[in-house]
Amino acid sequence: MTIANRLTALTDKTGAAAQRSGRNPASITLVAVSKTQPQSAVLEAYTAGQRVFGENRVQEAVAKFTDMRTTHQDLQLWLIGPLQTNKVTAAVRMFDTIATLDRPKLAEALAQEMSKQQRWPDILIEVNSGNEPQKAGISPAALPDFYADCRNRLHLPIKGLMCIPPIATDPAPYFRDLTKLANQLQLPIRSMGMSGDFETAIACGSTAIRVGTALFGERPTKG
Ligand SMILES: *Cc1c(COP(=O)(O)O)cnc(C)c1O
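This structure is a prediction, so every number in the text was calculated from the model and none was measured. (Residues numbered from 1 in each chain as written. Predicted model: local features only at pLDDT ≥ 70, side-chain atom pairs only at ≥ 80, totals over all residues. Heavy atoms only, no water.)

Peer 1: I'm lost on the packing of aromatic side chains in this one. Help?
Peer 2: Two aromatic rings, taken as a pair, are described by how far apart their centres are and by the angle between their planes. Per the counting criterion, the structure on display carries one aromatic pair. Measuring from ring centre to ring centre gives 6.0 Å for Phe53 and Phe65, while their planes differ by 45°; the resulting arrangement is tilted. Of this pair, Phe53 sits in strand S2 (residues 52-55) while Phe65 sits in helix H3 (residues 58-71); the two residues are 12 residues apart in sequence, bridging distant segments of the chain. For Phe53, a relative accessible area of 0% translates into the label buried. In this arrangement the basic side chain of Arg51 is found over the ring face of Tyr46, its NZ or CZ atom lying 3.6 Å from the centre. (Phe/Tyr/Trp six-rings, centres within 6.5 Å; stacked < 30°, edge-to-face > 60°. Helix = DSSP H or I, 4+ residues; strand = E, 2+ residues; numbered from the N terminus. Buried < 20%, exposed > 50% of the residue type's maximum accessible area, 1.4 Å probe, protein only. Lys NZ or Arg CZ within 6 Å of the ring centre and 35° of its normal.)

Next up, the structure:
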C-alpha cells in the first residue's frame, strides 16, 4: 500500500468514526506523525494532500522540515515529544503547535522565549491521565491551577490538552476524562488517539489524532 492509499483509508475511517458519534469530520485534525520517516515519505504524504505533521524530536524536525517550511508554506508542524528547556529556542522557531507542555519550568522557558522571538505557537498541556509516575505530564488534579498560572501570569497561548493513556488498558475512560477537563477549562483542542485507538478517541471527543504507523507503515527505526 502506498502512503496515498493509507491516507485515503485513514480519512474514510476517521470520517466514519466522526459520523457514528454525530460529529463533523472536519472538526478532527489528522496529525501525521513522521518521526523516523525520511523526508521522501513526508513529501509523498504532502502530495497526497496531508498538511499537518508531527515530530517528537526538535533536532530531527529541524533537519527534515527547515527547507520544506519555505517550499511548502501551508505545511503545519506539531511537536508531540518531550521538550528539553535547552531546545526551547529552536522549538519556538520551528513549530506551529507545541503539544507537550508538561511542567512548570518549561512553561517559564516557553513564555520567555516566545516573548523574545515574538512568535506564539499554539500550546497544549500534556496531561498525565493515568497519574503514572514514569510518565510526563500534569496530573488531572493539578491541571486547573497549572493552566490558570500559564494563562494569567505567563500569558501562554494554551489552546488545548493532549494525553497518552496508560498502555494495555481501555483508553476510553482516559479519553473521556480529557474531553471533560478541556471542556471545564474551555479549551478547544483535545489531542488524543494514535494508530491503535484513534476511532475510540474520536468517539470520546478527540479533535486531533496523532497517527504514524497507520499512515506511513512501520517505522524504519524506533522513535
Ligand atoms: C509515535 C507517536 C504517535 C504515533 O504513534 P503510532 O502508533 O505510530 O500511530 C502518537 N503520539 C505520540 C506522542 C508519539 O510519540
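After that view, the rundown keeps rolling.
Peer 1: Teacher, can you tell me more about the site of the ligand here?
Peer 2: By nearness alone, every residue bordering the ligand is listed as Val33, Lys35, Ile80, Ile164, Met194, Ser195, Arg210, Val211, Gly212, Thr213 and Arg219. At a separation of 2.8 Å, an oxygen atom of the ligand approaches a polar backbone atom of Gly212. In the complex, 88% of the free accessible area of the ligand, which totals 390 Å², lies under the protein chains. (Near = heavy atom within 4 Å. Polar contact = N/O pair within 3.5 Å; in protein donor to acceptor, adjacent residues only side chain to side chain. Areas by Shrake-Rupley, 256 points an atom, 1.4 Å probe, with all protein chains shown as cover.)

Peer 1: How should I be thinking about the pairing of strand S1 (residues 29-33) in this particular structure?
Peer 2: A regular strand carries its side chains on alternate faces of the sheet. Where burial is concerned, most of S1 is hidden: four out of the five residues are buried. Where S1 meets S2, two bridges bridge the pair, whose relative direction is parallel. Looking across to S2, one finds that Ala32 is bridged to Phe53. (Pairing = 2+ DSSP bridges.)

Peer 1: Could you clarify how one ought to interpret helix H2 (residues 39-47) in this entry?
Peer 2: An α-helix turns once every 3.6 residues. As a result, residues three or four positions apart point the same way. Every buried residue belonging to H2 is among Ala41, Val42, Ala45 and Tyr46, and all of these are buried. Projected down its long axis, H2 shows its buried positions confined to an angular sector of 140°, all on one face. (Arc of directions from axis to C-beta.)

Peer 1: Even after reading the chapter, I still don't get the environment of Met162, so can you show me in this structure?
Peer 2: By the secondary structure assignment, Met162 is in strand S6 (residues 158-163). Looking at Met162, the relative accessible area reads 0%, which means it is buried.

Peer 1: Is there a simple way to explain the state of the cysteines in this structure?
Peer 2: Covalent bonding between the sulfur atoms of two cysteines is what defines a disulfide. The tally for this structure, following the rule as stated, stands at zero disulfides. Counting only cysteine sulfurs, Cys204 is the nearest neighbor of Cys163, a cysteine outside any disulfide, at a range of 9.8 Å. Classification of Cys163 by relative accessible area gives buried; the value is 0%. (Disulfide = S-S within 2.5 Å.)

Peer 1: Even after reading the chapter, I still don't get H3, so can you show me in this structure?
Peer 2: Between its first and last C-alpha, H3 extends 20 Å over 14 residues, near the 20 Å set by a 1.5 Å rise per residue. Its axis deflected by about 50° at Phe65, H3 carries its strongest bend there. In this structure, the buried residues of H3 make contact with H2, S2, strand S3 (76-79) and helix H4 (88-94). (Expected span 1.5 Å × (residues − 1). Bend = angle between axes of the 7 residues up to and from the residue. Contact = heavy atoms within 4.5 Å.)

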